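Chain by chain, the residues run as shown.
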Amino acid sequence: MLSLAAKLVAFFWRTADTPREEAGRPEPELAEGDTKLKTVRGVVTRYCSDYGMIDDLIYFSSDAVTSRVLLNVGQEVIAVVEENKVSNGLKAIRVEAVSDKWEDNSRNHDSPSDCSPQVLIGCVTSLVEGAGCISQTTYFSLESVCEGFEPCKGDWVEAEYRIRPGTWSSEATSVKPLRYKRVDKVCISSLCGRNGVIEESIFFTLDSLKLPDGYIPRRGDVVNAVVVESSQSCYLWRALCMTLVKRRDAAPVHEATHFYGTILLKNKGDIEVTQMTHFGTLKEGRSKTMVIWIENKGDIPQNLVSCKLAGWDKSKQFRFQMLDKDQMCPVVSFVSVPEKENSSDQNINSLNSHTKNKTSQMSESSLVNNRGISPGDCTCKGENGEKDNILSRKQMTEPEPGGLVPPGGKTFIVVICDGKNPGRCKELLLLCFSDFLIGRYLEVNVISGEESLIAALEPFSWKKLKSSQALTSAKTTVVVTTQKRYHKGNECGSWSGSFICEGKADVHWQAVATTWLGRNARRQLPSFLPQYPIPDRLRKCVEQKIDILTFQPLLAELLNMSNYKEKFSTLLWLEEIYAEMELKEYNMSGIILRRNGDLLVLEVPGLAEGRPSLYAGDKLILKTQEYNGHAIEYISYVTEIHEEDVTLKINPEFEQAYNFEPMDVEFTYNRTTSRRCHFALEQVIHLGVKVLFPEEVILQSPQVTGNWNHAQDTKSNGQSTSKKTRKTMTDQAERGTKERRVGDKDLPALAPFTAEMSDWADEIQTPKSRKMEFFNPVLNENQKLAVKRILSGDCRPLPYILFGPPGTGKTVTIIEAVLQVHFALPDSRILVCAPSNSAADLVCLRLHESKVLQPAAMVRVNATCRFEEIVIDAVKPYCRDGEDIWKASRFRIIITTCSTSGLFYQIGVRVGHFTHVFVDEAGQASEPECLIPLGLMSDISGQIVLAGDPMQLGPVIKSRLAMAYGLNVSLLERLMSRPAYQRDENAFGACGAHNPLLIGTGCAKRP
């Protein structure tokens, strides 16, 4: 027995010699007794180019990594850890990456060698002379960059790389921009130093911008530019090169105003005026006083004629007061006091009234000579409305004779700000001297009472949560098992605390953090989706069968833009209430769990038939039998489902102490999809009436117009052309060339920069003049027409609908359209969604079988709860990159379900991130579910394509109330009933009675 124990100890705690032998390389000598070695399994939580952290506890360097796998945050690893007894520090001397199932299957499927080139999508993180790094790990030289592209820090690129044999480092063999486009006749909106912005959205710097000889950009110039996707502060594009279209005729009015405004604010005539004239933050209803000092440092007396506001202070928040001539100003701090209701007699500032001869009448403050305080004491603030107020107020409408400021003399003006309107206010104060003007901006930020309640009391700082004392007389103890997530390298550890739960007496919560390595840890997603709790009144109406219209009368109205969010929110809540009530019917009592190793297994009869419906990650509540009026509830999570056996992750102490006592089981409804629908309802408001309730068609300039190869019209010629095209694309992908399917050059916009700028500009062609061919040779005329309409996007952002009975080739048409958009529009980023995983997998499979996409062009994003085993082998290689949502969001073709597309909201993807959104089987998704992907698209230039059959079975809705008020009507079906999409035999009789710009049909037409 002792020998067995010794062997176990020796396996985990070994001398320093053993790992050195396994590593196969010499290690530094360790002093005997100073260190110990231990083998651990963990997750990379921090990572830089040459070092990293495992579980935020164990340091490792790049020299310690033995595998040829590029490590990323969230990667699971096995490490041999060295522990120093003196410092208690942990350092890994050997780190080996643990490959996951996605990676294993992809290797088995494609079987690439370690030395073969692989495709990487990343951001340029550093640049040195002649070289740079992508995502801090992959080195590249400028010689490997495609012609015409000069990378800059922040640029998003697609690179082919190899891992250097015998090392951990990787080197890119070819680098090109991930997305690029040409923009015509755009205006330079701002220019500051060597940096500028085009159309408030495209950044450029003169350090890397290619310009024609002799041209210097100026604000207001109309230019053509080639831009690439790049993260530059708040801008998403960076200009590579620029050509002048039209030089501005004269300085814009706002530029001249800015120029003269700068001169106005300068001191003149040896007069110095207080520079700091900002009142700071002021609560609504209170006042602040400021003294503006004026000093004459010259030898000539200066006459201050008047003091006035340059604009119309509509809110009357600034007023002036006069100080007695013998009065000093001892106070040097702001004091806020409530504003008196009767202040009309004190508000002596008369406002500008612009007349035809540009004269104005202003209230003027009187000035008092004072030589006791220097302008360095710039402000004097006192309380307003006190009995012993040091400021003696006198109403003034004309300047007093004492306006002369002698040499060396000083005077001051008292300005009072009354907080009336919440928000920022900025007014220009003009000090009018005999020969010149000096201006100062009076600024204040007024906050309301509600804003002050939520204002920060102190600067933010990281603090460890302190465990509060548990409250006494607890009737129910709830033990919670939470997952340990890694958010951008920061570990969320265990927490504990006491809370009062509504509807229960004092409830003590104990959260025990458990590490779930694998997919959940690798996702690293923050969870900030609002909860959108079900209103108690609505729940009461359903449970007590009260008329639902008493809670939400809008349900009886026709759906329109004004009631859109409120109506669908109520319908979603009704569906949730019914789902919760349905799950309660499956609650079980007196159930005994059985053990499977260290985990507990629950048998759920009927689970295989979906009664109830459970997924990995769902929450179950296990409740002990009540004893002396006390019961303990254990919150558990589903980790694995096999037929009717559910493996649970519970509190470790309970797992060890459980002795087969009977437990009550309560199922809970997973609200993730519903919360995403609620969130999408808020996001899609920007789409507006033109997308959600289209009435008319407004034609846009086509995205792509080209000459299509009509030789494919015949079947034989089409097959020959298709085979030739597919073979060519396969060869190009294998060689890693920079050529693509459309056009003669992969990056025609990035052509060599020649001296003849006009010739070079002509070479920067949008995809309008290219000869185009269909990838699929067996498309019929209706499908080809639909693809052309989608590619052209004449009616964007109005959704294009592709409908037809089952088996008519709607999905085939979508596949062709996705490929055409991908190759014809180099700035496109496509999101393809479907209500179910099977439909999404089918789209991914068909795109894979086309054999025209490069490996890094497409990604399949799965839900966290989906098991790898049920994914078909051909799709698994694309799922591997989908585990990192941040990385997946940069792919140009992203395939997922409508619900899972809500993951992109959680990483802060902006509206307009996707240029095209395709929804297959849209007739089977409820409208709120279909809105989840649509909320990520631009309302100006985005293109929506909905495919499905409105005559088939619609979305599955369980609540009869929700069905009665329209939740079972899909977005596809509702749009088909709009006037713009309805049948019109007279106008479109030759096109199937539908507008061909908005509706396409499959192979067969519906009678």
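For the structure given in this document, a descriptive report is provided here.

Conventions adopted
- Residues numbered from 1 in each chain as written.
- Predicted model: local features only at pLDDT ≥ 70, side-chain atom pairs only at ≥ 80, totals over all residues.
- Heavy atoms only, no water.
- Helix = DSSP H or I, 4+ residues; strand = E, 2+ residues; numbered from the N terminus.
- Buried < 20%, exposed > 50% of the residue type's maximum accessible area, 1.4 Å probe, protein only.
- Axes fitted to C-alpha atoms, helices over the stretch in contact; angles between N-to-C directions.
- Parallel < 35°, antiparallel > 145°, perpendicular 65-115°, else oblique.
- Left-handed = near helix turned anticlockwise from the far one by under 90°.
- Contact = heavy atoms within 4.5 Å.
- Nonpolar A, V, L, I, M, F, W, Y, C, P; charged D, E, K, R; others polar.
- Pairing = 2+ DSSP bridges.
- Core = buried A, V, L, I, M, F, W, Y, C linked by side-chain atoms within 4.5 Å.

## Description of the environment of G882
Turning to its location among the elements, G882 is positioned in the loop between helix 17 (876-880) and helix 18 (885-888). Judged by its relative accessible area of 0%, G882 falls in the buried class.

## Focus: the packing of helix 10 (residues 672-683) against helix 19 (residues 927-934)
Across the interface, helix 10 lies against helix 19 with an axial gap of 8 Å and an inter-helix angle of 65°. Comparing the axis directions of helix 10 and helix 19 gives the class roughly perpendicular. Handedness of the helix 10/helix 19 crossing: left-handed. Two secondary-structure elements touch here, helix 10 through T673, R676, C677, A680 and L681 and helix 19 through P928, E929, L931 and I932. Per-class residue counts for the contact of helix 10 with helix 19 are 6 nonpolar, 1 polar and 2 charged.

## Quick look at the sheet that holds strand 14 (residues 202-205)
Backbone-to-backbone hydrogen bonds pair the strands of a sheet. The strands run either parallel or antiparallel. One closed barrel accounts for 5 strands, arranged 12-13-14-16-15; its pairing is mixed. When the angles between neighbouring strand axes are averaged without regard to direction, this sheet yields 50°. Pairing analysis gives 2 bridges linking strand 14 to strand 16 (residues 235-246), with the strands arranged parallel. Bridging from a neighbouring strand, F203 pairs with R238 of strand 16.

## Description of the environment of I93
By secondary structure assignment, the location of I93 is in strand 6 (residues 90-97). The exposure class assigned to I93 is buried, which follows from its relative accessible area of 14%. With 12 residues separating them in the primary sequence, I93 and V81 have C-alpha atoms 6.1 Å apart.

## Topic: the nonpolar core
Counting 71 residues, the largest nonpolar core has I801, F904 and L946 as its most contacted members. Residues contacting L946, with those up to four places away along its chain left out, are P799, Y800, I801, L802, V919, A922, C930, L971, L972 and L975.

## A few points about the packing of helix 15 (residues 810-824) against helix 16 (residues 837-850)
How two helices sit against one another is set out by the angle between their axes and by the gap between those axes. Relative orientation of the contacting elements helix 15 and helix 16 amounts to 55°, with a least axis distance of 10 Å. Considered as vectors, helix 15 and helix 16 are oriented oblique to each other. Crossing angle aside, the handedness with which helix 15 passes helix 16 is right-handed. Along the contact surface, helix 15 presents T811, I815, V818 and L819, while helix 16 presents V843, R846, L847 and S850. In terms of residue class, the contact of helix 15 with helix 16 is built from 5 nonpolar, 2 polar and 1 charged.

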